[in-house]
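The residues making up each chain are set out below.
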Amino acid sequence: MTGAAWLVPAVPFLAAVLGLLAGRRLPGGPAGVAVLGTAVPTGLALALAVAVLGDPGRVRETSTLLTPTGAVPIAVGTRVDGLAAVVAVMVCVVALLVQVYSTAYLRGDPRYPSYAALVSLFTAAMLLVVVSADLLELLVGWEVMGVCSYFLIGHYWQQPSASAAAVKAFLTTRVGDVGFLFGIFTLGTAAGSFRISALLDRAPRLGHTAVLVGTLLLVCGVVGKSAQFPLHTWLPDAMAGPTPISALIHAATMVAAGVYVVARLYPVFVLSPVTLDVLAVSAAVTMLLGALAALAQDDLKRVLAYSTVSQLAYMTGGLAVGGYAAGLFHLLSHAAFKALLFLCAGAVIRTVGTNLMSEMGGLRRGLPVTFATMTVGLAALAGLPPFSGFFSKDAVLGSAWAAATGAARPVLDRPAAWLVFVAGMLTVLLTGAYATRLWLRTFFGTYRGTAVIEEAPTAMRVPLLLLALPAAAFGFVGLRSGWLPGWLGYGRDVAFFAYTPLPLTAPPTPSLGPQAGTALVATALGLLGVLVTYTGWRRAPAADPARLLGRARRPFERAFYLDELYDAVLVRPLPRLARAVLGFDVTGVDGLASGSGSGAWLAGGGLRRLQNGNVQAYATALFLGVLVLVAGVAVLT
Amino acid sequence: MILVALLLLPLAGCAGLLAAPDRWARRIGVAATATTFGLSLALLAAYDYHRGGFQLGVDRAWVPAADIRFHLGLDGISLPLVVLTTLLSFLCAVYTLKTLPEPGRPRAFLALVLLLEVGMLGTFLALDLLLFFVFFEVVLAPMYFLIALWGGERRSYAATKFILFTLLGSVLLLLGILVIYAHTATFDMVRLGRRGGADLPRAAQDLAFLGLFLGFAVKTPMWPLHSWLPDAHTEAPTVGSVLLAGVLLKMGTYGLVRIAVTELPAAARDFAPYLGVLAVVGIIYGALCCLVQRDIKRLIAYSSVGHMGFVLLGIATLTPVGVNAALLANVAHGVVTGLLFFLVGALKDRYHSQDIAEIGGGVLAKAPLLGGLLTFAAIASLGLPGLAGFWGEMLAMLGAFRPAQGLHRGLFLTLMVLAGVGTVLTAVYLLVLLRRVTLGVVPERWRERRFGDVTSVELAAWAPLLALTLVLGLYPRLVLGVTDAAVRRLLGGG
């Protein structure tokens, strides 16, 4: 079975190609192909999971040469173990539900065929990342996801805001991806292979510098893709895409790819405490920043977007403090509850016709199913027991506590672990507050808009109900000691850390069940957040509880003006620089001569002579310019 | 003999065109380029992939007095470029079936295209320095006339600039060749390659290299010798632009690898840092120029400066991976930029403008297929993994990550990082271009104007390039598998 793992990305890829080429002419229509193209890999992924169930830590790998390069060859193949299988199932299930949901959400949209095909292509790319056996193969999926995200955010391309957001998303992640590519170079060259298994096998012998530089560079890509500080700014804007896309890409899968890659290469990352420190600091900042920004947004989807930023930081933070299984546990539960939340938001937005919560309110009567399921999702997000988020978030906080106090042998420096722990606890408080605000502003009070409210059609309701189940109950898998960690390749017999010769033998198989201390504190903090918001709201149900923030509200809403900063430092100066360069170029010879610092006469006279057709002068100028330039380089190097 | 036939076929087509009446011209053009393309496919079959060195060679005395020989041959370095040339020529002939700019005259137009094809193929096949030079020069005249007669408004300025620059390059190239000859008394590239410059004193090697380097750099074009390119591309007819970007520029990088690096390896080591620096300046500079460019053809032209910068960077590393990357990026750029020029030409045919602001957006709404294809080509051009543009540029950076021994690693690492910045800037201008052209609402002035989406002839001419863009992206071995052995042999690494 695992030999056929390549089918998992191949089938949705085929569906995408068919959808793009044939579109509406397909038998069964674009929807039929799209849903089938996701249902089949879902079945395959489940089969894979069953196949590896007996021994989830063993890696089943196929690999063939893609191409020689003249240096390290590039291979393609599949690498299936418990981690890959579990994440593949997660991706497929969310993608399938999103495809079903989209058939109703985008009913009547003339661009539905290309939309559905791009979702299929996206799914294929994510699954390629999940099952890749080679880092460059992984990079292909990684970037194709980025471009699918670009297209899907830009789905409503008549709107300038949508196309601007699409460009921003692609470019921001691309900045990180350049680092990611160089990270692959560093590790691949040091290991003599881009194959993941070869890299993990040879990790201990790679040399300290290669590991440090390589992993730090990989973190650039992770930070971009998983929307972590300082490259998180694209995610909230990405909400310009259709809401099901937000659920799939910007909550459950693509942003999870960064976390997944860290997990996939974890034995390399743990060799570099500095990298983990960096990851931890980024996570701590992102958690708080995202949660504070979420407190003040009026756009329902932007609240969820910032909460995604913040929640992703729990995963990277968890991985950074050595909580491998805890971080992935949160990845899985978050995929369920955040996909649910976005799909609920879609159901709300579809009927009220706006994203703004100031034009919502009182919707619980008109949208009973959406209300009930979204309540489950929000409870999970806020980490209230016994919903899934409670368990997974607690696992992360428990890992951070253990690393900070030295109860577990820390893989990073202890102050960094403390940072993650404290930020994580504060974020629990903030999460409770903004989740409550969203809940109250959307579903309670009186309706402040004018639309006719109607509940979502069946094709949208069913995915909500199906996602509500894991969002509510998935956390209980954490109670069974060692079960999920075993699945994820952290089992007792599976020498996950056998890869590393560190004195760090496997940290004792962590229990993902709640630790009494952290669980109590976290729950109390979460409830405090809920209560404060609720009390504020009770006093004036029509007003936005964000008013309690006072003068901080504006900076929170603008997410601490980072966009403005990037605008001022990068986005606006770039065209100015470009114009200068182009101006320089238009003057041609002239620019060349003056650039090499010799002779204003060339600047004026050379060009005039060119226009007079004085070929000799032109040729001489050109030649001299080159000579001077080369001489300049010679002096400088 | 098959190589001679490859040159004779388009030449015969050219002669046939001159003899035949005007109304047959297009069909003759397609027939001649199609058979040449077919023959190049036969080459693919006849070529022995397991053998290194030159194959299918022809070696006859030509000017015995000066020991100039008619010496042709094929190896893994030239094979992909030969096929690319015949393919693009064929597609240009197909495209001309329906589209020919003012003043028409398909007979003359296609005769020039066929003559151009002879020159391009000869350049890639020649194994005698002077023969190479002759073919290299043969290309100039037809391209000059294509621009000067079928070009846009400022065609005579552009054509003159083109010929001036390239002639200047040719002079330097010839000087380089003569310096080599002066010390070795041979033009035989095979023998020269085998000797590896051992017969030349170091100073002469450097001098010869400088001549060759500058000569090829004009053609490639390398910054700062590129300024003929934007004008030539802006004014050239679509077919001219496609062949110019698709093949002519490659003659420069091919010559650099085939002659300069192979025959003067020690000098290549001396010059590699300069080449690398200029290449990377070109990458960044080209991208910045694209960012604020108003003319869409000019933009694609500047983008070529950037893309060819990656090719040059690959060569500058003097590593097998870098040179492989250069050869792959050559082919990929030919395919993708050829496609882009076709698409932009189609845009111009419909809007009668190549001004981005004048087109004003909404192409996806006005002509969805054309907009979609433009999007695809732009995404390929920005180097998306999984499409043709990625592998060459990625491997060029990988080459710079660990350059050949004796080159300054710190310098090349810096160059690699800057090239990485260049890839981001490339993505910036292409996405901004898409945003301004394909996305958005159709401006008022175009609402009423009717024009069709992509025609079947256009699609036929573009389909092979679309397919190759995807195939090379998914299976780069198609080129690398052919080049790798030849490149290792060339660099003496294995």
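Residues numbered from 1 in each chain as written. Chains lettered and ligands numbered in written order. Predicted model: local features only at pLDDT ≥ 70, side-chain atom pairs only at ≥ 80, totals over all residues.

**Student:** When you look at the overall build of chain B in this model, what are you seeing that I'm missing?
**Tutor:** Check the secondary structure of chain B and you find 22 helices and 2 strands. A globule of 494 residues ought to have a C-alpha radius of gyration of about 23 Å, and chain B, at 21 Å, matches this closely. Dimensions of chain B along its principal axes, counting C-alpha atoms only, are 70 × 55 × 40 Å. Expressed as a percentage of the 494 residues in chain B, the buried residues total 64%. Taking the intrachain contacts of chain B between residues at least 6 apart in sequence as the baseline, contacts between residues at least 24 apart amount to 78%. (Helix = DSSP H or I, 4+ residues; strand = E, 2+ residues; numbered from the N terminus. Rg over C-alpha atoms; globule rule 2.2 N^0.38 Å. Buried ≥ 20, exposed ≤ 12 C-beta atoms within 10 Å, placed from the backbone. Contact = placed C-beta atoms within 7 Å.)

**Student:** Just checking my understanding: could you explain the overall build of chain A for this structure?
**Tutor:** Along chain A, the regular secondary structure elements total 27 helices and 2 strands. Of all 637 residues assigned to chain A, the portion counted as buried reaches 62%. Summarising the internal contacts of chain A: among those between residues at least 6 apart in sequence, 79% fall at separations of at least 24.

**Student:** Would you explain the pairing of strand E2 (residues 74-80) of chain A in this entry?
**Tutor:** Side chains on a regular strand alternate between the two faces of the sheet. All names here are of chain A. Judged by how many residues are buried, E2 sits mostly within the fold: 7 of 7 residues are covered. Taking every second residue as pointing to the same face, both faces of E2 are buried, with Ile74, Val76, Thr78 and Val80 on one and Ala75, Gly77 and Arg79 on the other. The sheet contact formed by strand E1 (residues 60-67) and E2 spans 7 bridges and is antiparallel. Its bridge partner being in E2, Thr64 is matched across the sheet by Val76. Following E1, the chain reverses through 6 residues before pairing antiparallel with E2; Gly70 in that reversal takes a positive phi of roughly 100 degrees. (Pairing = 2+ DSSP bridges.)

**Student:** Can you walk me through the packing of helix H13 (residues 273-296) of chain A against helix H14 (residues 300-320) of chain A in this structure?
**Tutor:** Helix packing for two helices is described by the angle between their axes and how far apart those axes are. Residue and element names in this part refer to chain A. The interhelical angle for the contact between H13 and H14, taken along N-to-C directions, is 155 degrees, at an axis separation of 7 Å. In terms of their interaxial angle, H13 and H14 are classed as roughly antiparallel. When the axes of H13 and H14 are compared, the crossing they make is left-handed. Where H13 abuts H14, its residues Leu276, Leu279, Ala280, Ser282, Ala283, Ala284, Thr286, Met287, Gly290, Ala291, Ala293 and Ala294 lie against Val303, Tyr306, Ser307, Val309, Ser310, Ala313, Tyr314, Thr316, Gly317, Leu319 and Ala320. Of the residues in the contact of H13 with H14, the class split is 16 nonpolar, 7 polar and no charged. (Axes fitted to C-alpha atoms, helices over the stretch in contact; angles between N-to-C directions. Parallel < 35°, antiparallel > 145°, perpendicular 65-115°, else oblique. Left-handed = near helix turned anticlockwise from the far one by under 90°. Nonpolar A, V, L, I, M, F, W, Y, C, P; charged D, E, K, R; others polar.)

**Student:** Would you take a moment to explain the packing of helix H8 (residues 208-225) of chain A against H13(A) for this structure?
**Tutor:** Residues and elements named next belong to chain A. Running from N to C, H8 and H13 cross one another at 20 degrees; their axes reach a closest spacing of 9 Å. Our classification of the angle between H8 and H13 gives roughly parallel. Two packed elements cross with a definite hand, and for H8 against H13 that hand is right-handed. Residues Leu212, Thr215, Leu216, Val219 and Val223 of H8 lie in contact with H13, whose contacting residues are Val274, Thr275, Val278, Leu279 and Ser282. Looking at the contact of H8 with H13 residue by residue, the class counts come to 7 nonpolar, 3 polar and no charged.

**Student:** I'm lost on the environment of B:His408 in this one. Help?
**Tutor:** Residue and element names in this part refer to chain B. In this structure, His408 sits in the loop between helix H18 (388-401) and helix H19 (409-437). Look at His408 and you get partly exposed, because 14 C-beta atoms sit within 10 Å. In the structure, His408 is positioned 136 residues away from Ala272 in sequence and 9.8 Å away in space, judged by C-alpha atoms.

**Student:** Before we go on, may I ask you to explain the nonpolar core in this structure?
**Tutor:** Across soluble globular proteins, nonpolar side chains have a tendency to be buried as a group. Core analysis: the biggest nonpolar cluster contains 447 residues, and A:Ala88, A:Ala280 and A:Val420 have the highest contact counts within it. Excluding residues within four positions of it along the chain, A:Ala88 makes contact with A:Val8, A:Ala45, A:Leu48, A:Leu127, A:Val130 and A:Val131. (Core = buried A, V, L, I, M, F, W, Y, C linked by C-beta atoms within 7 Å.)

**Student:** Explanation requested: unusual backbone geometry in the structure shown.
**Tutor:** Peptide bonds are trans in most cases, and residues, glycine excluded, mostly fall at negative phi. The omega angle of the peptide bond from A:Phe229 to A:Pro230 is 5 degrees, so this bond is cis rather than trans. Omega for the peptide link from B:Glu102 to B:Pro103 comes to 0 degrees, which places this bond in the cis form. We note that A:Ala559 has phi near 50 degrees; this positive angle belongs to a residue other than glycine. Within the element layout of this structure, A:Ala559 appears in the loop between helix H22 (553-557) and helix H23 (562-571).

**Student:** Would you explain the confidence of the model for chain B in this entry?
**Tutor:** Keep in mind that low pLDDT regions are not for reading the predicted coordinates in detail. All names here are of chain B. Within chain B, residue pLDDT values average 91, and 100% of them lie at 70 or more. Across chain B, the secondary-structure element scoring lowest on mean pLDDT is helix H20 (residues 444-447), at 84, and the one scoring highest is helix H3 (residues 79-96), at 95. Taken over the whole predicted complex, pTM reads 0.91, whereas the ipTM for its chain interfaces reads 0.93. (pLDDT = per-residue confidence, 0-100.)

**Student:** Explain the environment of B:Phe70 here, please?
**Tutor:** Residue and element names in this part refer to chain B. Mapped onto the secondary structure, Phe70 falls in strand E2 (residues 68-74). Among the residues examined, Phe70 registers 15 C-beta atoms within 10 Å and is labelled partly exposed. Sequence separation between Phe70 and Pro103 is 33 residues, and the spatial gap between their C-alpha atoms is 38 Å.

**Student:** Teacher, can you tell me more about the pairing of E2(B) here?
**Tutor:** All names here are of chain B. The element E2 is extensively covered by neighbouring structure, given that 5 of its 7 residues are classed as buried. Where strand E1 (residues 55-63) lies against E2, 6 bridges are found, and the strand directions are antiparallel. The partner of Val63 across the bridge, within E2, is Ile68. Where E1 folds back onto E2 in an antiparallel hairpin, the turn is made up of 4 residues, including Asp67, whose phi is positive at roughly 60 degrees.

**Student:** So what exactly am I meant to see when it comes to helix H11 (residues 254-264) of chain A here?
**Tutor:** The periodicity of an α-helix, 3.6 residues per turn, causes residues three or four positions apart to be oriented the same way. By the criterion of burial, H11(A) is predominantly enclosed, with 11 of the 11 residues buried. Among all positions of H11(A), only A:Met254, A:Val255, A:Ala256, A:Ala257, A:Gly258, A:Val259, A:Tyr260, A:Val261, A:Val262, A:Ala263 and A:Arg264 are buried.

**Student:** Is there a simple way to explain the confidence of the model for chain A in this structure?
**Tutor:** Residue and element names in this part refer to chain A. Scored by pLDDT, chain A comes out at a mean of 85, with 88% of its residues at no less than 70. Taken as a whole, residues 589-618 scores under 50 in pLDDT and shows 41 contacts with residues more than four places along the chain or in a different chain. Contacts from residues 632-637, a stretch scored under 50 in pLDDT, to residues over four places away or in other chains number 5 contacts.

**Student:** What should I look at first to understand helix H7 (residues 155-184) of chain B in this one?
**Tutor:** Between its terminal C-alpha atoms H7(B) stretches 42 Å, which fits the 44 Å expected from 30 residues at 1.5 Å a residue. Positive phi appears at B:Ala185, one or two residues downstream of H7(B), with a value of about 60 degrees. (Expected span 1.5 Å × (residues − 1).)

**Student:** I tried to follow the environment of B:Leu200 on my own but got confused; where do I start?
**Tutor:** All names here are of chain B. Mapped onto the elements, Leu200 comes out in the loop between helix H8 (189-195) and helix H9 (202-219). For Leu200, a count of 24 C-beta atoms within 10 Å corresponds to the buried category. Taking C-alpha positions, Leu200 is 7.3 Å from Thr184, a pair spaced 16 residues apart along the chain. Setting aside residues no more than four positions away along its own chain, Leu200 makes contact with Ile180, His183, Thr184, Gln205 and Ala208.

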